[in-house]
Amino acid sequence: MDFSNNQWLLPLILFWPAIAGILVLFGKNDRVIKWGSILASLLPLGLSIMLMAGYDFTKGGMQFEVKADWIPAINASFHLGVDGLSVPLIFLTTLLSTLSIYYSAGTITHRVKEYFIMFHLLELSMLGVFMSLDYVLFYVFWEISLVPMYLLIGIWGGKNRNYASIKFFIYTLIGSVAMLLAILATYFATGTFDIIGAAAAKPFMDIQNEATRHVISSLVFWGLFFGFAFKVPSFPFHTWLPDAHTEAPTAGSVILAGVMLKLGAYGLLRIVLPTFPETSQYWSMWIVAIGAIAIVYGAFVCVAQTDLKRLIAYSSVSHMGYVMLGIGAAASVLTPAGVQTAMAHFNLTQEEVLKSAAMAINGATLQMFNHGIITGALFLLVGVIYERAHTRELAKFGGLSTKTPYFYAMMLIAGFASLGLPGLAGFWAEFFTFRGAFALVPYWAAFGVIGIVMTAVYILWRVIQNVFLGEYDATKVAHWTTVDGQHADGPTDMVGFEKLTLWPLIAGIFILGIYPTPILDYFNASAVRFLAFVHGLL
C-alpha cells in the first residue's frame, strides 16, 4: 500500500473514530470519557478541513486514493477515494459528529461509556460509506451504521424507543438485502466489485435481446434504488423516520437527519445513475414523482403535527424530496436520446439541457449539505426546550419569545433557513433544484412548489407562532427544570454549551446563504464530470 501524496489522510480520518472508541472502552471516569471523546472528534474534523483544502478542482475526479488487496478470492479490495461529491459530505459528517458529541457531554448521564463508543462507531461507518470505492467495503460500512443507531435509539431514546428502534432496523435491513442482491448481480455481470470499474464496464449492456436486457437491468436498478430509498427515506418508504426521530436522543436525531439520510441519496449519485444510466433514464419520471410527492406530502403532514420533534422529522421527508426531484430531473437526460427528447419537447439546445441537468444535481447535492446543517440546528433546538419542559407538545407552549429570547432568535434563524428565505442557506439549494427541474420536468416542478408554500405555513404558524408568540401561560407546563435537571420557576434560556453547539451551524447558515460558492464548487465539479462520464460511456 502506497501512502505517498497524502494517501494516509483518508485512512486516518476513517479509522481514528475506531481508535477513539477503543480508548473510551478502557475509560473509567465519565468526565474523562466525555472530554476525551470531544477532543478525539476534533482530529477527523481538522483533517476533513485539510482534505477540502487539498482537493484539486483543476484535476477533478477521484483523489487521495488508497487501494490494497483485501479479499483476493472474490476480487474485493480496500479501496478508498474522494471527489467533489464526497469531500463536503465527509466534512459535514465530522462537523456534526463533533457538535453532537459535545452536546451529548452536557446531557447524557446514563451508560456514558457505551453511548460514546456507539457514537464513534457511527462516525466510522458514515465516513466509510462516503470514502468506499469497492462494493463490498461500501456494503460493510453501510450495514455497520445500522447497529449503533439502533442501540442509540433503543437504549437512550424515549418511552417508545423499543418500537422505534426495531422499526428503524427492520425497514433499513429490508432495503439492505435488496441492495446486496443487486450488488451481487452487478458483480456477476462485470466481474469486479470496484464501483468505478463496474460503471465503466456497462453491466448487462452485452445482452443482445433488448427486452431481456431491460428486465434484468431494471430489476437490479430497483434493488439498488429500494436499498437507498429506504435510507433517504423517500415517500412511501419513510414511515420509520418520524418514530426514529421522535424517540432518538437529541444528538442521535442530529446525526440521523444531518448525515444518515444523505447516505441513501449519495448511493443514488455514486452508484445507481453512473452504473445504470439508460435504466435510470427509463425510470426517471418515477424518481421525479417520488421526490415531488414527498415535498408536498411531507409539508402538509408537518402542518398536522402536534409534537415539535415529529414536525421537524416530517420536514426532513419534505426537504429530502428536493434531493430526489433534482436527481430524477438529471436522470431524465442521461442518454443522448433523453437529451434529444428534452430538446424537442422544451425547445432547448443541447448545452441548455446539460446545464439544466448539472443545475438539478447541484441543487440536490447542495440540499444534502444544507439540510444537514439546518435540520441539525433544528433538532438541537428541539432538544433545548425538551430538556427543560420535558414535553414537545406544541399546545403546551406559547409566549416563549419574552422568556427565552436567545432560544427564540436561534429558532427564527434555523426556521427561516428551512423555509428557504433568501440570504440563508436553504434558499440556494431549492433555487438550483427548481432551476434545473423546471427546464426538464416542468409539471412536476410546478407541483413541488406547493411544498414551498406549505413549508412557510408550518414554520411560521406551527413553530414560531405556537411556541414563541402570544401570551405566556405558566399553567401549561407543570414543572420546568434547568438543562441539568434542577427545578426552575419557569423556562430558562440557552446556556453556554448549548450556544456553542449551535454557533457553527448558525454561522454556516448565514455564510452559505450569502456565498454558497465554496461548497457549490465541489458539487459542480462532480456534477459536470459525472455527466461527461455517463455520456462518454454511451
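Please refer to the structure higher up on the page.
Residues numbered from 1 in each chain as written. Predicted model: local features only at pLDDT ≥ 70, side-chain atom pairs only at ≥ 80, totals over all residues. Heavy atoms only, no water.

Engineer: Just checking my understanding: could you explain helix H10 (residues 240-247) for this structure?
Structural biologist: Turn by turn, an α-helix covers 3.6 residues, leaving residues three or four places apart pointing in a common direction. Within H10, eight of the eight residues are buried, leaving the element largely enclosed by the surrounding structure. Of the residues making up H10, those classed as buried are Trp 240, Leu 241, Pro 242, Asp 243, Ala 244, His 245, Thr 246 and Glu 247. Those residues of H10 that are buried lie in contact with helix H6 (146-156), helix H7 (161-190), helix H9 (210-231), helix H11 (250-275), helix H14 (308-331) and helix H16 (350-389). (Buried < 20%, exposed > 50% of the residue type's maximum accessible area, 1.4 Å probe, protein only. Helix = DSSP H or I, 4+ residues; strand = E, 2+ residues; numbered from the N terminus. Contact = heavy atoms within 4.5 Å.)

Engineer: Please clarify how the packing of H14 against helix H20 (residues 442-468) should be interpreted in this entry.
Structural biologist: Running from N to C, H14 and H20 cross one another at 165 degrees; their axes reach a closest spacing of 12 Å. Here H14 is positioned roughly antiparallel relative to H20, judged by the angle of their axes. Once H14 is placed against H20, the crossing between them reads as left-handed. Between H14, through Leu 308, Leu 311, Ser 315, Ser 318, His 319 and Tyr 322, and H20, the contact on the second element is made entirely by Gly 451, Ile 452, Thr 455, Tyr 458, Arg 462 and Val 463. Of the residues that constitute the contact of H14 with H20, the class distribution is six nonpolar, five polar and one charged. (Axes fitted to C-alpha atoms, helices over the stretch in contact; angles between N-to-C directions. Parallel < 35°, antiparallel > 145°, perpendicular 65-115°, else oblique. Left-handed = near helix turned anticlockwise from the far one by under 90°. Nonpolar A, V, L, I, M, F, W, Y, C, P; charged D, E, K, R; others polar.)

Engineer: Help me out: how do you make sense of the packing of H6 against H7 in this one?
Structural biologist: Relative placement of two packed helices is described by the angle separating their axes and the distance separating the axes. Orientation of H6 relative to H7, taken along the N-to-C sense of each, is 165 degrees, at an axis distance of 7 Å. When the axis of H6 is compared with that of H7, the two are roughly antiparallel. In terms of crossing hand, the pair formed by H6 and H7 is right-handed. Taking contact as the criterion, the partners of Leu 146, Met 149, Tyr 150, Ile 153, Gly 154 and Ile 155 in H6 are, on H7, Arg 161, Asn 162, Ala 164, Ser 165, Ile 166, Phe 168, Phe 169, Thr 172, Leu 173 and Ser 176. Grouping the constituent residues of the contact of H6 with H7 by class yields 10 nonpolar, five polar and one charged.

Engineer: What am I meant to see in the pattern of salt bridges here?
Structural biologist: It is possible for side chains bearing opposite charge to pair when their charged atoms get close. In the structure shown here, the tally under the stated rule is eight salt bridges. Note that Arg 310 is salt-bridged to Asp 243, the shortest N-O span being 3.4 Å. On the criterion of sequence distance, the pair formed by Arg 310 in helix H14 and Asp 243 in helix H10 is long-range, its members being 67 residues apart. Overall, the relative accessible area of 13% leaves Asp 243 in the buried class. Notably, a salt bridge pairs Lys 355 with Glu 351, separated by 3.4 Å at the nearest N-O pair. In this pair, Lys 355 and Glu 351 are both assigned in helix H16, four residues apart and thus about one turn of the helix distant. Residue Lys 355 is classed as partly exposed on the basis of its relative accessible area of 48%. (Salt bridge = Lys/Arg side-chain N within 4 Å of Asp/Glu carboxyl O.)

Engineer: I'm lost on the environment of Pro 274 in this one. Help?
Structural biologist: As for its position among the elements, Pro 274 is in helix H11. Along the primary structure Pro 274 and Lys 202 are separated by 72 residues, whereas in three dimensions their C-alpha atoms are 9.2 Å apart.

Engineer: Please clarify how the nonpolar core should be interpreted in this entry.
Structural biologist: Nonpolar side chains in soluble globular proteins tend to be buried together. Counting 194 residues, the largest nonpolar core has Leu 224 and Phe 225 as its most contacted members. Excluding anything up to four places from it in sequence, Leu 224 contacts Met 179, Ala 182, Ile 183, Ile 271, Val 272 and Phe 276. (Core = buried A, V, L, I, M, F, W, Y, C linked by side-chain atoms within 4.5 Å.)

Engineer: Looking at this structure, I do not really get the side chain of Lys 309. What am I missing?
Structural biologist: In this structure, Lys 309 sits in helix H14. Of the side chains bearing the opposite charge, Asp 307 lies closest to the buried Lys 309, which forms no salt bridge; the N-O distance is 7.8 Å. In terms of polar contacts, Lys 309 uses its side chain to reach the backbone carbonyl oxygen of His 245, at 3.1 Å. At 2.5 Å, the side chain of Lys 309 and the backbone oxygen of Ala 248 are in polar contact. Discounting residues that sit within four places of it in the chain, Lys 309 has contacts with His 245, Thr 246, Ala 248, Pro 249, Thr 250, Ser 253, Phe 379, Val 382 and Arg 392. (Lys, Arg positive; Asp, Glu negative; His and termini not counted. Polar contact = N/O pair within 3.5 Å; in protein donor to acceptor, adjacent residues only side chain to side chain.)

Engineer: Just to check I follow, could you spell out the pairing of strand S2 (residues 76-82) for this structure?
Structural biologist: Each regular strand carries side chains that alternate between the two faces of the sheet. Most of S2 sits inside the fold, with seven of its seven residues counted as buried. By the alternation rule, side chains of S2 split into Ala 76, Phe 78, Leu 80 and Val 82 and Ser 77, His 79 and Gly 81, which are all buried. In this sheet, S2 lies alongside strand S1 (residues 63-71) in antiparallel orientation, the contact comprising six bridges. Considered in S2, the bridge of Val 66 is made with Leu 80. (Pairing = 2+ DSSP bridges.)

Engineer: I would appreciate a short explanation of unusual backbone geometry in the present structure.
Structural biologist: Only a minority of non-glycine residues have a phi that is not negative, and only a minority of peptide bonds are not trans. In the segment running from Val 232 into Pro 233, the intervening peptide bond is cis, with an omega of -15 degrees. Following the sequence through the fold, Pro 233 ends up in the loop between H9 and H10. Non-glycine residue Phe 64 carries a positive phi angle of around 55 degrees. The topology assignment puts Phe 64 in strand S1.

Engineer: Would you mind showing me how to read the packing of aromatic side chains here?
Structural biologist: Two measures describe an aromatic ring pair: the distance that separates the ring centres and the angle between the ring planes. A complete count under the given rule lists 38 aromatic pairs for this structure. Ring geometry for Phe 130 and Tyr 266: centres 5.1 Å apart, planes at 85 degrees, overall edge-to-face. Residue Phe 130 is located in helix H4 (residues 112-131), and its partner Tyr 266 is located in helix H11; the two are separated by 136 residues in the primary sequence. When its relative accessible area of 1% is taken as the criterion, Phe 130 is described as buried. Considering the side-chain rings of Tyr 282 and Trp 283, the 5.0 Å spacing of their centres and the 80 degrees angle between planes classify their relative orientation as edge-to-face. Given a relative accessible area of 52%, Tyr 282 falls into the exposed group. Aromatic ring contacts, followed pair by pair, group Tyr 171, Phe 221, Trp 222, Phe 225, Phe 226, Phe 230, Phe 237, Tyr 282, Trp 283 and Trp 286 into a single cluster. Sitting over the ring of Trp 461, Arg 462 keeps its end group 5.1 Å from the ring centre. Here Lys 499 stacks its cationic end above the ring of Tyr 406, 4.4 Å away from the centre of that ring. (Phe/Tyr/Trp six-rings, centres within 6.5 Å; stacked < 30°, edge-to-face > 60°. Lys NZ or Arg CZ within 6 Å of the ring centre and 35° of its normal.)

Engineer: Got a minute to help me understand helix H15 (residues 336-346) in this structure?
Structural biologist: Within H15, the full set of buried residues consists of Gly 338, Val 339 and Ala 342. Seen along its axis, H15 keeps its buried residues to an arc of 100 degrees; they face one direction. Exposed residues lying more than 90 degrees from the buried face of H15 are Ala 337 and Ala 344. Note on H15: the residue one or two positions beyond its end, Asn 347, has a positive phi of about 55 degrees. (Arc of directions from axis to C-beta.)

Engineer: What's the story with a nonpolar patch on the surface in this structure? I'm lost.
Structural biologist: Taken together, the side chains of Leu 173, Val 177, Leu 180, Leu 181, Leu 184 and Phe 188 make up a nonpolar region of the molecular surface, amounting to roughly 540 Å² of accessible area. Within the secondary structure, Val 177 is located in helix H7. (Patch = residues over 30% accessible without salt bridge, like charges linked within 9 Å, V, L, I, M, F, W, Y side chains within 5 Å. Areas by Shrake-Rupley, 256 points an atom, 1.4 Å probe, with all protein chains shown as cover.)

Engineer: Whenever I open this one, the environment of Met 285 confuses me. Can you help?
Structural biologist: Mapping Met 285 onto the fold places it in helix H13 (residues 284-303). Judged by relative accessible area, Met 285 falls into the partly exposed class, the value being 36%. Remark: the alpha-carbon pair of Met 285 and Ser 332, spanning 47 residues in sequence, is separated by 7.2 Å. Excluding residues within four positions of it along the chain, Met 285 makes contact with Ser 332 and Val 441.

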